[in-house]
Amino acid sequence: MSKTNPKARISEFSVPKMDCPSEEGVIRMILEGVTGVHGLVFDLGERQVQVLHDRDVDEITPKLESLGLGACLLRTRGADDDDLQALQQSDEADAQESGTLKILLAINGFMFFAEFTLGWLAQSTGLLADSLDMFADAAVYGVALYAVGRSLQLKTRAAQLAGWLQLLMALGVLFEVARRFIFGSDPVSMLMITVGSVALAANVTCLFLIYRHRHGGSHMKASWIFSANDVIANVGLILAAVLVAWTGSRYPDLIIGTIIGFVVLDGARRILKLRN
């Protein structure tokens, strides 16, 4: 973070749709290249972000509004020593947490490949879609780690690449849902339950790894909530598999696959709205 001048101010923004690392990462990338912005503090619980700057806030507000996350300016005030200390602590926490992010990236990356492959073999659109949720997490962590120390242009390109991959794969899964709805499918419920349980264990492991950071750095707060939501999605997937086994119908699998597919598709849309 660059040295601020005595005219430094804090602008507080409400961002109603900021509920996972994707949105936080996009905000970081789009504001880091703005001259006069010196630091950010995120409050995921309140869905707010504080921007430390020494330029006109009118140069910042349009950037946030362009992301489509419902951002609006709440107030602007002079920065004090507490604000500067909070920003310093946030930077230190981010550095300490980089190792944890690498582990999360490895877990989500491995689970994406494993779940996608086994989901295809099991003829389960639910598993295929859930694997994309793993990919979305891995893409967020990967872009965040790649972006360290690099230019805004490279950060934007990395995010755009992750967004396009996520978009193409989400569309592919939704196409597969439609194809199997029309031509039929025979999801293997026991394989769905087994793989879904492994995915659940992986996300619970992620929760365990970031447990001590859940009240710390802003990325960890977001990751904690994002991983908790993934656990809920895994439980829904397992429930769908049980319903497939109980009823003998493929529709529970198609429904959960559609829901998760659209969630991932919306995440890709938000990432692709990022501009330099």
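Residues numbered from 1 in each chain as written. Predicted model: local features only at pLDDT ≥ 70, side-chain atom pairs only at ≥ 80, totals over all residues. Heavy atoms only, no water.

### Quick notes on the sheet that holds strand β3 (residues 48–53)
And step 1. Spatial ordering of the open sheet is given by β2-β3-β1-β4, a layout of four strands whose pairing is antiparallel. The open sheet has two free edges, formed respectively by β2 (37–43) and β4 (72–78), since each of these has just one partner strand. Each neighbouring strand pair of the sheet contributes to a mean axis angle of 20 degrees, computed without reference to strand direction.
And step 2. Pairing analysis gives six bridges linking strand β1 (residues 9–14) to β3, with the strands arranged antiparallel. Residue pairing across strands places Ser-14 opposite Gln-48, the latter belonging to β3. (Pairing = 2+ DSSP bridges. Helix = DSSP H or I, 4+ residues; strand = E, 2+ residues; numbered from the N terminus. Axes fitted to C-alpha atoms, helices over the stretch in contact; angles between N-to-C directions.)

### Things to note about the nonpolar core
One broad trend across soluble globular proteins is that nonpolar side chains are buried collectively.
And step 1. Grouped together as the largest cluster of nonpolar side chains are 34 residues, with contacts concentrated most on Met-111, Leu-127, Leu-132 and Val-173.
And step 2. When residues of this core are traced back to their parent elements, those giving at least two are α3 (81–121), α4 (125–147), α5 (152–183), α6 (189–210), α7 (218–247) and α8 (251–272).
And step 3. Once residues lying within four places of it in the same chain are set aside, the contact partners of Leu-132 are Phe-112, Met-169, Ala-170, Val-173 and Val-264. (Core = buried A, V, L, I, M, F, W, Y, C linked by side-chain atoms within 4.5 Å. Buried < 20%, exposed > 50% of the residue type's maximum accessible area, 1.4 Å probe, protein only. Contact = heavy atoms within 4.5 Å.)

### Observations regarding the packing of aromatic side chains
And step 1. Within the structure shown, the criterion is met by two aromatic pairs.
And step 2. On the basis of an interplanar angle of 45 degrees and a centroid distance of 6.0 Å, the ring pair of Phe-112 and Phe-116 is categorised as tilted. Taken together, the positions of Phe-112 and Phe-116, both in helix α3 and four residues apart, correspond to about one turn of that helix.
And step 3. Judged by relative accessible area, which is 9%, Phe-112 ranks as buried.
And step 4. Geometry around Tyr-251 places Arg-250 over its ring, the cationic atom sitting 4.9 Å from the centre. (Phe/Tyr/Trp six-rings, centres within 6.5 Å; stacked < 30°, edge-to-face > 60°. Lys NZ or Arg CZ within 6 Å of the ring centre and 35° of its normal.)

### Describing the side chain of Arg-250
And step 1. Mapping Arg-250 onto the fold places it in the loop between α7 and α8.
And step 2. Buried charge without a partner: Arg-250 forms no salt bridge, and the closest opposite charge is Asp-253, 7.9 Å away.
And step 3. Non-local contacts of Arg-250, meaning those with residues more than four positions away in its chain, are made with Arg-180, Phe-181, Gly-184, Ser-185 and Pro-187. (Lys, Arg positive; Asp, Glu negative; His and termini not counted. Salt bridge = Lys/Arg side-chain N within 4 Å of Asp/Glu carboxyl O.)

### A few points about the pairing of β1
And step 1. The element β1 is largely enclosed, with a buried count of five among its six residues.
And step 2. As defined by bridge partners, β1 adjoins β4 across six bridges and the pair is classed as antiparallel. Along β4, the bridge assignment pairs Phe-13 with Leu-73.

### Here we look at the environment of Trp-246
And step 1. If you trace the backbone, Trp-246 turns up in helix α7.
And step 2. Exposure remark for Trp-246: the relative accessible area of 71% places this residue in the exposed category.

### A word on the UniProt feature "transmembrane region" (unreviewed entry) in the chain
And step 1. According to UniProt, the "transmembrane region" (unreviewed entry) feature falls on residues 103–122, 134–152, 164–182, 188–211, 231–248 and 254–272.
And step 2. Across residues 164–182, the secondary structure splits into 100% helix and 0% strand, with the terminal C-alpha atoms separated by 27 Å. (UniProt positions renumbered as here; feature names shortened; annotations may be inferred.)

### Overview of a nonpolar patch on the surface
And step 1. Together, Phe-181, Ile-182, Phe-183, Tyr-251, Ile-255, Ile-259 and Val-263 give the surface a local cluster of nonpolar side chains, amounting to about 790 Å² of exposed area.
And step 2. Secondary-structure elements contributing two or more residues to the nonpolar patch are α5 and α8.
And step 3. With four residues, the top contributor of residues to the nonpolar patch is α8.
And step 4. With respect to the secondary-structure elements, Phe-181 resides in helix α5. (Patch = residues over 30% accessible without salt bridge, like charges linked within 9 Å, V, L, I, M, F, W, Y side chains within 5 Å. Areas by Shrake-Rupley, 256 points an atom, 1.4 Å probe, with all protein chains shown as cover.)

### Topic: the pattern of salt bridges
Once the charged atoms of two side chains with opposite charge are near each other, the side chains can pair.
And step 1. Summed over all chains, the structure comprises two salt bridges.
And step 2. One salt bridge in this structure joins Arg-75 and Glu-12, with 2.3 Å as the shortest N-O distance. Remark: Glu-12 occurs in strand β1 and Arg-75 occurs in strand β4; sequence separation between them is 63 residues.
And step 3. Among the ionic pairs, Arg-77 bridges to Glu-12, the shortest N-O distance being 3.1 Å.

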